[in-house]
Amino acid sequence: MYVAVKGGERAIDNAHAWLAEERRGSPDIAELTVPQIREQLALAVNRVMAEGSLFDPDLAALAIKQARGDLIEAIFLIRAYRTTLPRLGVSTPVDTGEMACDRRISATFKDVPGGQVLGPTFDYTHRLLDFKLAAEGETPTAPQAPAQGEPTPRVTDYLNRDGLIQPEPASDTTPPDLTREPMEFPANRALRLQSLTRGDEGFVLGMAYSTQRGYARNHPFVGELRIGTVPVEMDVPELGFAVGIGEITLTECESVNQFTGSKTEPPQFTRGYGLVFGQSERKAISMALVDRALRWKELGEDNVGAPAQDAEFVLSHADNIQASGFLEHIKLPHYVDFQSELELIRRIRAEAQAAQAQEAAE
Amino acid sequence: MENLTTRKGWMSLLAKAPAPALTALWETQKAPPGFEWLRPPETGGVMIRGRMGGTGAPFNVGEMTVTRCALRLESGEVGHAYVQGRDKAKARIAALIDALMQTARADALREAVLEPLAESHRAARSARAERAAATRVDFFTMVRGED
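Because the structure is predicted, anything quoted here is derived from the model rather than measured. (Residues numbered from 1 in each chain as written. Chains lettered and ligands numbered in written order. Predicted model: local features only at pLDDT ≥ 70, side-chain atom pairs only at ≥ 80, totals over all residues. Heavy atoms only, no water.)

Considering all chains together, one arrives at zero disulfides over all chains under this definition. Looking at C101(A), it has no disulfide partner, and the nearest cysteine sulfur is the one in C253(A), 13 Å off. (Disulfide = S-S within 2.5 Å.)

Have a look at this one:
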């Protein structure tokens, strides 16, 4: 029950003023600039863009600064800003086959055309703290080698050529948009993918991990993982043709999963798909695994009752803004609610004690 | 890479050009022409779509910020801009260039503004491609111990 009360304005104003002071930290330390966050905390920026569902590195960096590094709070700020933007249009689907790859690896084929390109990865580092970074003034430079400019075809195309993997039929149907219409169940795959790509990284990771540990196990291989930039194009009605409206960084993961066949499908490999804004590879792999687990029905698999197979469970709890909104609202004043609870419990206690006294007397 | 002799080509280049570079090149040009707004700069979101498995049915990935505007030069040509981000000054310059590219100044502008922008984009892209190439794995087989 909600009852309007007045009071607390001064306390709230002062709390926000103190928040601003704490955000700045010690004035003896140089203030962090938004471009510094954008350039040097780029993976935090990427996460805020992916889960905030808005590709704009400067805005995401500003949100991180404003939120004092609390990424879910920063995502909240981006989501709130996003709702103020008029929708100018919808892009034509991006072609990740044309990606200018910084990184491109396959765990299934060693000698894949285009090669295994590691890119700027944490893999193979020893995870030892590097105290050199605590000293200032380093500007490292990366080695360069002649780029061969050869195409990097999709790994799944090779399996597809032999019919060994379930095909991914192209279509141009308009997908549902959960920012326009509330999520409804059963959710089709397009809606599930939209929900997963903006879902909380930790939650999607946990769900994906559960499938690896045996809850709806589906034997995933990373068929291909690529990170790089793709151009974005949109049809402009006043011109009558599509123009490029910019360039974005994406991470794409295609999982290849063992599949022994079902009542409706022959034995073949199946796919899970992850596509996430920015360099976000943990999230993209997680998304592919969860996507694959959620496809049990269309592939004619059994529902073994695993959490990752339950679309309603996964998609209803993947959004960290919805989740923290509902979770954190319980710290706001519930004085009247609680007053009625208090009265109820007193009455029940009094009744129970009276009944006991009566029993003892009889 | 964009074909700078087509409207699609130069608009696509202007959309992703970094604002400081575009502004600096534009300011080397002679006095900007007079114009009237047909649609003053407006920032909004464009929903980006991807395809399942990279090639299948489309789905919505998330939005990006885009600023658009339209203007008409005193000489009558109409310029449009759809540029990435929220920079309204950049959108205005892009629309002015789009309009001027339909006039006799096209060749001069292409040489003075568009080609340098395209060149720096190419250079940035190949700098990344060359760093990526240096991280390409060359596999070799270890000598095996059976003989």
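Now that the structure has been shown, we can carry on.
Residues and elements named next belong to chain A. With respect to the helices and strands, A208 occurs in helix 8 (residues 201-212). The exposure class of A208 is buried, given its relative accessible area of 3%. With 100 residues separating them along the chain, A208 and A308 place their C-alpha atoms 7.4 Å apart. Not counting residues within four places of it along the chain, the set of residues in contact with A208 comprises S286, L289 and V290. (Helix = DSSP H or I, 4+ residues; strand = E, 2+ residues; numbered from the N terminus. Buried < 20%, exposed > 50% of the residue type's maximum accessible area, 1.4 Å probe, protein only. Contact = heavy atoms within 4.5 Å.)

Buried together is how nonpolar side chains tend to be arranged in soluble globular proteins. In this structure, I245(A), I248(A), F59(B), M64(B) and I97(B) are the most contacted members of the largest nonpolar core, which totals 98 residues. Of the domains in this structure, domain 1 (9-82) and domain 2 (96-119 + 150-324) of chain A are the two that each give at least three residues to this core. (Core = buried A, V, L, I, M, F, W, Y, C linked by side-chain atoms within 4.5 Å. Domains from an automatic or database assignment.)

On the chain B side, the residues contacting the 76 residues of chain A number 53 residues. Buried surface at the junction of chain A and chain B, summed over both partners, amounts to about 5600 Å²; 59% is from carbon and sulfur atoms. On the surface where chain A and chain B come into contact, there are seven salt bridges. Seen at the junction of chain A and chain B, the total is 30 residue pairs in polar contact (both at pLDDT 80 or more). Residues that form the side of chain A that touches chain B fall into these classes: 38 nonpolar, 19 polar and 19 charged. Where strand 1 (residues 54-55) of chain A lies against strand 2 (residues 58-73) of chain B, two bridges are found, and the strand directions are parallel. Bridging from a neighbouring strand, F55(A) pairs with M64(B) of strand 2 of chain B. (Buried area = accessible area lost by both parts, 1.4 Å probe. Salt bridge = Lys/Arg side-chain N within 4 Å of Asp/Glu carboxyl O. Polar contact = N/O pair within 3.5 Å; in protein donor to acceptor, adjacent residues only side chain to side chain. Nonpolar A, V, L, I, M, F, W, Y, C, P; charged D, E, K, R; others polar. Pairing = 2+ DSSP bridges.)

Moving on, we get to the domain arrangement of chain A. According to the domain assignment, chain A contains domain 1 (9-82), domain 2 (96-119 + 150-324) and domain 3 (334-361). Taking only C-alpha atoms into account, the centre of domain 1 of chain A sits 48 Å from that of domain 3 of chain A.

Moving on, we come to the pattern of salt bridges. Two side chains that carry opposite charge are able to pair once their charged atoms sit near each other. All names here are of chain A. Overall, the coordinates contain 41 salt bridges over all chains when judged by the stated rule. A salt bridge links D130 to K132; the nearest nitrogen and oxygen atoms lie 3.8 Å apart. Owing to a relative accessible area of 55%, K132 belongs among the exposed residues under this scheme. Across the pair E298 and R295 runs a salt bridge whose closest N-O atoms are separated by 2.8 Å. Relative accessible area serves as the criterion here: at 38%, E298 is assigned to the partly exposed category. Through salt bridges with shared partners, one network takes in R104, R154, E168, R189, E224, R226, E252, E254, R271 and D291.

A ring pair, where both rings are aromatic, is described by two values, the distance of the centres and the angle of the planes. One pass over the structure, following the stated rule, counts three aromatic pairs over all chains. Measuring from centroid to centroid gives 5.4 Å for F55(A) and F277(A), while their planes differ by 85°, and the two rings are edge-to-face. Note that F55(A) is positioned in strand 1 and F277(A) in strand 6 (residues 270-277), a separation of 222 residues in sequence. Side by side, F55(A) and F277(A) carry an identical accessibility label, which is buried. An angle of 80° between the planes, with centres 5.0 Å apart, marks the rings of F35(B) and W37(B) as edge-to-face. (Phe/Tyr/Trp six-rings, centres within 6.5 Å; stacked < 30°, edge-to-face > 60°.)

Of the positions making up helix 4 (residues 57-66) of chain A, those classed as buried are L59(A), A60(A), A61(A), A63(A) and I64(A). Packing partners of the buried residues in helix 4 of chain A comprise helix 2 (34-40), helix 3 (42-52), strand 1 and helix 5 (71-82) of chain A together with strand 2 of chain B. Trailing helix 4 of chain A by a residue or two, R68(A) shows a phi angle of about 60°, which is positive.

A few words on the sheet that holds strand 3 (residues 100-105) of chain A. All names here are of chain A. If you trace the four strands from one edge of the open sheet to the other, you get 3-4-5-6, paired in antiparallel fashion. Strand pairing shows two members of the sheet lacking a second neighbour, strand 3 and strand 6, which therefore form its edges. Taking each pair of neighbouring strands and ignoring which way they run, the sheet shows an average axis angle of 25°. Across eight bridges, the pairing between strand 5 (residues 241-257) and strand 6 is antiparallel. Within strand 6, the residue paired with S255 across the bridge is G272. Across the sheet, helix 9 (residues 281-294) touches strand 3, strand 4 (220-236), strand 5 and strand 6, and the angle it forms with strand 6 is around 145°. (Axes fitted to C-alpha atoms, helices over the stretch in contact; angles between N-to-C directions.)

All names here are of chain A. A cis amide bond links F185 to the next residue, P186, at an omega of 0°. You can see P186 is positioned in the loop between helix 6 (155-161) and helix 7 (189-197). One non-glycine residue with positive phi stands out, namely Y124, at about 70°. Among the secondary structure elements, Y124 is positioned in the loop between strand 3 and helix 6. Given a relative accessible area of 64%, Y124 falls into the exposed group. Phi at R127 takes a positive value of approximately 55°, unusual for a residue other than glycine.

Let's shift gears to the side chain of R226(A). Residue and element names in this part refer to chain A. Within the secondary structure, R226 is located in strand 4. For R226, a relative accessible area of 0% puts it in the buried group. Engagement of the side chain of R226 in a polar contact is seen with the side chain of E224, the distance being 2.6 Å. With residues up to four places along the chain from it excluded, the contact list for R226 reads T96, G97, M99, C101, R103, R104, T152, P153, R154, L250, T251 and E252.

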